[in-house]
Amino acid sequence: MAEDKEHRYDPAAIEPKWQQRWAADPKLYAADPIDSGKPKYYVLEMLPYPSGQLHMGHVRNYAIGDALARHMWMRGYNVLHPMGWDAFGLPAENAALKNNTPPRQWTLSNIAGMKRQFGRLGMGFDWATEVTTCLPEYYRWNQWFFLRMYERGLVYRKKSKVNWCPECATVLANEQVIDGRCWRHEDTLVEQRDLEQWFFRITAYAQELLDGLDKLDGWPEKVRTMQRNWIGRSEGTEVDFGVGNRPEKIRVFTTRVDTIFGATSVQLAPEHALVTALAAGDSGLRLQVAQLLEEQKKAREAGDVGAIEKHGVPTGHFAINPYSGESIPIWVANYVLSDYGTGAIMSVPGHDERDFEFAVKYGISVRRVIAPANLAAEEQELPFSSEDGVLINSGEYSGLSCHEAQKKLQEAAARGAFGEATVTFRLKDWGVSRQRYWGTPIPMIHCERDGIVPVPVDQLPVLLPDHVEITQQGGSPLARVPEFVNVTCPKCGGPARRETDTMDTFVDSSWYFYRYTDAKNSNAPFDPAIAQHWFPIDQYIGGVEHAILHLIYSRFWTRMMRDLGLIKNNEPATRQFSQGMVIKDGAKMSKSKGNVVSPDDMVARYGADATRAYALFAAPPDRDLDWQEDGVAGVSRFLGRVYRLVMKYSPVARAAKGTAPEPPAGLSLKLLRKLHQTIAKITLDFEGRWHFNTDVAAIMELVNEIQAVDAQLAASEVPAPVIRELLITIVLLLAPFAPYLAAELWEELGGEGGAVLRAPWPPSNPDLTREDELEIPVQINGKLVAVIRVPAGSAAGVMEASALADEKIQSRLAGKTLAKVIVVPGKTVNLVVK
Ligand SMILES: [Zn+2]
Ligand SMILES: [Zn+2]
């Protein structure tokens, strides 16, 4: 098509104009009341951290969600599509340190900037339900939930390990520990210290969180597997070993009690209580244990205790196997963790890889107690860790299969009161204490007389004070604010101290999506009736980096609220989707690599529509997207072609309004077939297939096919009502992907029914989506001889005639008698000859 000077596509003119109009119509993206009678659809993208700038990963995430929301609006659904800010967290404190700007001011001004970016990108969010987690109208409900959970025994306090920088004299977050050193003191090794901390008893829901995964078939298998592994259920047995000459018992956890007759030592964690007791009177042991503990701490800080070089020391004491009465040596080992299982294991080198390695290293004896099912015991190389075998050398249990033996041994332990069958989880309770300023204050008070006293509910919120000096030295900043710390005990009226820990920011993101349904409620976190209408979320979209913690915490919070009677759903979202990353030159975009592409630059150069459509077009949504500016330019050129095509023929299309179309034929039929096949494909994708990259490509193909016959269009060889249908439908199909251009062209074509967002999604006509021609196999006496092409919908007689006219068929039939013809319309032709 010749360049159409008159109709130049100028997103810099079109987009701000529509942005203004949309801003003046706040109801445009608002959900209808819950009694609207329309089916509901809740589409949610994970809320961003207000760092100050949207990045391309955000653009991709929100382009997917926004396309889906727009499509569902056009399908006539009552759509909830909200947005908010995960606004507490460490970066605000770091920025305060660096620029001397208070965290609140820094955060709120970042939010304002990012909201402007969202507006310019044309994202269809209902800002009336905006949630900002650092504001008291939100975080007061975190405190309220904390108190409700405390009442139910779901909140408790215990000593736990934290990262401690001796230079800063403060606790560090995990992300502030770099290679075991403080992020601000490169020469200072971070220590592990025990501090009293608050915990949520998420493990009370471990089994339910695991079982629920089986029913979440709208979640990616990858995400469900990650969660299963994180919860890490294992069935096993706890057994008490006696200790020679001492009153203590050693409780051992094992998943393979069937091998207990093969235990040749017991291994204790360096911090096990018995080790402390034994070392108290043995300075040599004390030194060696200290060394093991040091090694373990280093491995923990490096994040991989599994890869530790295994060391151990014998204590000189013996443990007594309760089943056999045998005495076996007690060792202390650096790979046994005090906070996993019971902090003690039995070592069975004949049937465990790790125990074998340890036994060989230290000359501990190896014993065979399991024989494989179909091999002589001696022929089986050790260690043999399969459960497919029978017990040998195991007293009265010899001859039993591993599984039978496990049951019998557990029963014996229960009878003898020296053990029991147990289920353990890798999932740990959720430590929510942070020694930070910029978070939700924990609503608890410490009184010398009464101990821990909850803040009475009518005194919520416990406000986070402003004007707090952030130094990141010398402990929690709140502890240095006397007017915050010093309070009157609600119980005895005496002087008391307020808790100075704040909550983990994962608390904020565990339930924010419920607040969206009733964001202005000042009497409750939300109205249960409204939440029940909207929940569960129909589609939740976000990065795979949140597949474990955020989604597990959210699933826990949902169950906790269900048990408080606030909601009825068990899971927060029916469907979940994790989009891929945006990379450039093969690496994740980052400032340090200098490969960051700014959304603002792209929008300024090519427009928001081209930037968004490219983010959907350049890769399947679940894969990584390698950003190519050429590609954005290409999408922009394509949108320009659509613009000129519609502008050129819009007078024809408008004039054809109300004209009844004739049955299409020839070129019109060909174009309409292509159009309806495109509608069918895109509709299917929005229904869950999500090949949005090929959808944009399909619209390009359709437009190419129309432009290829521009001369015939210009010569009126295609009837005006067909041109009208083509143009209107292209605009509707583009609306979820390029909302600005669609709005502009929709108006150009007459803008029937107002906003394109409320125009009905075009239905595809099945008569037109069918392929024009079908390939039909022709068989002679059951053998495939030829494949013929017939028009779709051909009658049996036409198929038979075409088959008999085929050259190959004719040559095979020569000189034979055709006895019978069997035609399956649309499928096959079978010829029977004699
Ligand atoms: Zn430090
Ligand atoms: Zn008191």
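Residues numbered from 1 in each chain as written. Chains lettered and ligands numbered in written order. Predicted model: local features only at pLDDT ≥ 70, side-chain atom pairs only at ≥ 80, totals over all residues. Heavy atoms only, no water.

Draft legend 1. Structural context of the coordination of the zinc ion (ligand 1). Within the protein, the zinc ion (ligand 1) binds to Cys165 (SG), Cys168 (SG), Cys182 (SG) and His185 (ND1); these donor distances fall in the range 2.0 to 2.3 Å. Its four donor atoms give the zinc ion (ligand 1) angles of 104 to 118° at the centre, a pattern that matches the tetrahedral case. Read in sequence order, the donor residues for the zinc ion (ligand 1) give the motif C-x2-C-x13-C-x2-H. Taken together, the residues Cys165 in strand S5 (residues 155–165) and Cys182 in strand S8 (residues 181–182) connect sequence positions 17 residues apart. The same class applies to Cys165 as to Cys182, namely buried. (Donors = N, O, S within 2.8 Å, 3.2 Å for Na, K, Ca; no water. Tetrahedral: all angles 85-135°; square planar, octahedral: opposite > 155°, others 65-115°. Helix = DSSP H or I, 4+ residues; strand = E, 2+ residues; numbered from the N terminus. Buried < 20%, exposed > 50% of the residue type's maximum accessible area, 1.4 Å probe, protein only.)

Draft legend 2. Structural view of unusual backbone geometry. With an omega of 0°, the peptide bond between Leu382 and Pro383 qualifies as cis. Of note, the bond from Phe535 into Pro536 is cis; its omega dihedral lies within 30 degrees of zero at 0°. Despite not being glycine, Trp690 shows a phi value in the positive range, around 60°. Secondary-structure assignment places Trp690 in the loop between helix H20 (666–689) and helix H21 (692–708).

Draft legend 3. Region of interest: the packing of aromatic side chains. Under the criterion given, the structure shown has 57 aromatic pairs. An angle of 75° between the planes, with centres 6.4 Å apart, marks the rings of Tyr42 and Trp534 as edge-to-face. Here Tyr42 is found in strand S1 (residues 40–45), whereas its partner Trp534 is found in helix H15 (residues 528–534), with 492 residues between them in sequence. Neither Tyr42 nor Trp534 differs from the other in exposure class; each is buried. Ring geometry for Tyr512 against Tyr516: centres 5.5 Å apart, planes inclined by 80°, an arrangement best described as edge-to-face. Each member of the pair, Tyr512 as well as Tyr516, carries the same accessibility label: buried. The lysine or arginine in question, Lys158, covers the ring of Phe199, its NZ or CZ lying 4.7 Å from the ring centre. Sitting over the ring of Phe484, Arg498 keeps its end group 5.4 Å from the ring centre. (Phe/Tyr/Trp six-rings, centres within 6.5 Å; stacked < 30°, edge-to-face > 60°. Lys NZ or Arg CZ within 6 Å of the ring centre and 35° of its normal.)

Draft legend 4. Fine view of the nonpolar core. Grouped together as the largest cluster of nonpolar side chains are 185 residues, with contacts concentrated most on Phe200, Phe513, Trp557 and Trp627. With twelve residues, the single largest contributor to this core is helix H19 (residues 629–655). Residues within four places of Trp627 in sequence aside, it is in contact with Met56, Val582, Ile583, Lys584, Met589, Val597, Met602, Thr611, Tyr614, Ala615 and Val632. Grouped together as the second largest cluster of nonpolar side chains are 40 residues, Val257, Met346, Ala405 and Ala413 included. (Core = buried A, V, L, I, M, F, W, Y, C linked by side-chain atoms within 4.5 Å. Contact = heavy atoms within 4.5 Å.)

Draft legend 5. Representation of the pairing of strand S21 (residues 444–447) within the structure. In this structure, S21 lies alongside strand S22 (residues 451–454), joined through four bridges in antiparallel fashion. Its bridge partner lying in S22, Met444 is registered against Pro454. Between S21 and S22, which follow one another and run antiparallel, lie three residues. Relative to strand S24 (residues 495–498), S21 runs antiparallel, the two being bridged by two bridges. By the bridge assignment for S24, His446 is matched with Arg497. (Pairing = 2+ DSSP bridges.)

Draft legend 6. Molecular detail of the coordination of the zinc ion (ligand 2). Coordination of the zinc ion (ligand 2) by the protein involves Cys447 (SG), Asp450 (OD), Cys489 (SG) and Cys492 (SG), with metal-donor separations of 1.9 to 2.3 Å. Around the zinc ion (ligand 2) sit four donor atoms; with metal-centred angles ranging over 103 to 117°, the donor geometry is tetrahedral. Each donor residue of the zinc ion (ligand 2) lies on the same chain, and together they follow the pattern C-x2-D-x38-C-x2-C. Taken as a pair, Asp450 in the loop between S21 and S22 and Cys492 in the loop between strand S23 (486–488) and S24 lie far apart in primary sequence, 42 residues in all. Classification of Asp450 by relative accessible area gives partly exposed; the value is 28%. Using a relative accessible area of 28% as the deciding quantity, one classes Cys492 as partly exposed.

Draft legend 7. The arrangement of the sheet that holds strand S34 (residues 828–833) in detail. Strand order in this open sheet of four strands is S32-S31-S34-S33, and the pairing throughout is mixed. Of all strands in the sheet, those with a lone pairing partner are strand S32 (783–791) and strand S33 (818–824), marking the two edges. Across the sheet, the mean angle from the axis of one strand to that of its neighbour is 20°, orientation sign disregarded. Two elements, strand S31 (residues 773–780) and S34, share three bridges in a ladder whose sense is parallel. (Axes fitted to C-alpha atoms, helices over the stretch in contact; angles between N-to-C directions.)

Draft legend 8. Layout of the side chain of Asp355. With respect to the helices, strands and loops of the structure, Asp355 is situated in helix H10 (residues 353–362). For the buried Asp355, no salt bridge is present, and the opposite-charge side chain at shortest range is Arg354, 4.3 Å distant. Discounting residues that sit within four places of it in the chain, Asp355 has contacts with Tyr335, Ile345, Met346, Ser347, Val348 and Pro349. (Lys, Arg positive; Asp, Glu negative; His and termini not counted. Salt bridge = Lys/Arg side-chain N within 4 Å of Asp/Glu carboxyl O.)

Draft legend 9. Geometry of a positive patch on the surface. A cluster of basic side chains, namely Lys783, Lys808, Arg812 and Lys816, defines a positive patch on the protein surface. Position of Lys808 relative to the elements: it lies in helix H27 (residues 807–813). (Patch = residues over 30% accessible without salt bridge, like charges linked within 9 Å, V, L, I, M, F, W, Y side chains within 5 Å. Areas by Shrake-Rupley, 256 points an atom, 1.4 Å probe, with all protein chains shown as cover. Charge placed at Lys NZ, Arg CZ, Asp CG, Glu CD.)

Draft legend 10. Spotlight on the packing of helix H23 (residues 720–734) against helix H24 (residues 739–748). The geometry of H23 relative to H24 is characterised by a closest axis approach of 8 Å and an angle of 155° between their N-to-C directions. Judged on the interaxial angle alone, H24 and H23 are roughly antiparallel. Considering only the axes of H23 and H24, their crossing is left-handed. In this structure, H23 contributes Ile728, Val731, Leu732 and Leu734 to the contact, and H24 contributes Leu741, Ala742, Leu745 and Trp746. Split by residue class, the contact of H23 with H24 holds eight nonpolar, no polar and no charged. (Parallel < 35°, antiparallel > 145°, perpendicular 65-115°, else oblique. Left-handed = near helix turned anticlockwise from the far one by under 90°. Nonpolar A, V, L, I, M, F, W, Y, C, P; charged D, E, K, R; others polar.)

Draft legend 11. Representation of the environment of Gly57 in the model. By secondary structure assignment, the location of Gly57 is in helix H2 (residues 56–74). When the C-alpha atoms of Gly57 and Gln267 are compared, they prove to be 48 Å apart, with 210 residues separating the residues in sequence. The residues touching Gly57, leaving out its near neighbours within four places in the chain, are Gln579 and Val582.

Draft legend 12. Representation of the pairing of strand S12 (residues 265–268). Of the two faces of S12, the one carrying Ser265 and Gln267 and the one carrying Val266 and Leu268 are both buried. In the sheet, S12 pairs with strand S15 (residues 344–347) via four bridges, with the strands oriented antiparallel. Looking at the pairing, Ser265 lines up with Ser347 of S15. The sheet contact formed by S12 and strand S14 (residues 327–333) spans three bridges and is parallel. What sits directly across from Val266, in S14, is Ile330.

Draft legend 13. Highlighting the pattern of salt bridges. Counted under the stated rule, the structure contains 44 salt bridges. Among the salt bridges present, the one from Glu248 reaches Arg246, with a minimum N-O distance of 2.9 Å. The partner of Lys674 in a salt bridge is Glu701, with the nearest N and O atoms 2.5 Å apart. Of the two residues, Lys674 is situated in helix H20 and Glu701 in helix H21; the sequence distance between them amounts to 27 residues.

Draft legend 14. Main features of the sheet that holds S24. Ordered by their spatial adjacency, four strands build an open sheet running S22-S21-S24-S23, and the pairing between neighbours is antiparallel. Two strands in the sheet have a free side with no partner beyond their single neighbour: S22 and S23. With strand direction ignored, the average angle separating the axes of adjacent strands in the sheet is 45°. Examined bridge by bridge, S23 and S24 share three bridges and lie antiparallel to one another. Counted as the bridge partner of Thr488 is Pro495 from S24.

Everything listed is a geometric property; what it means functionally is a separate question.
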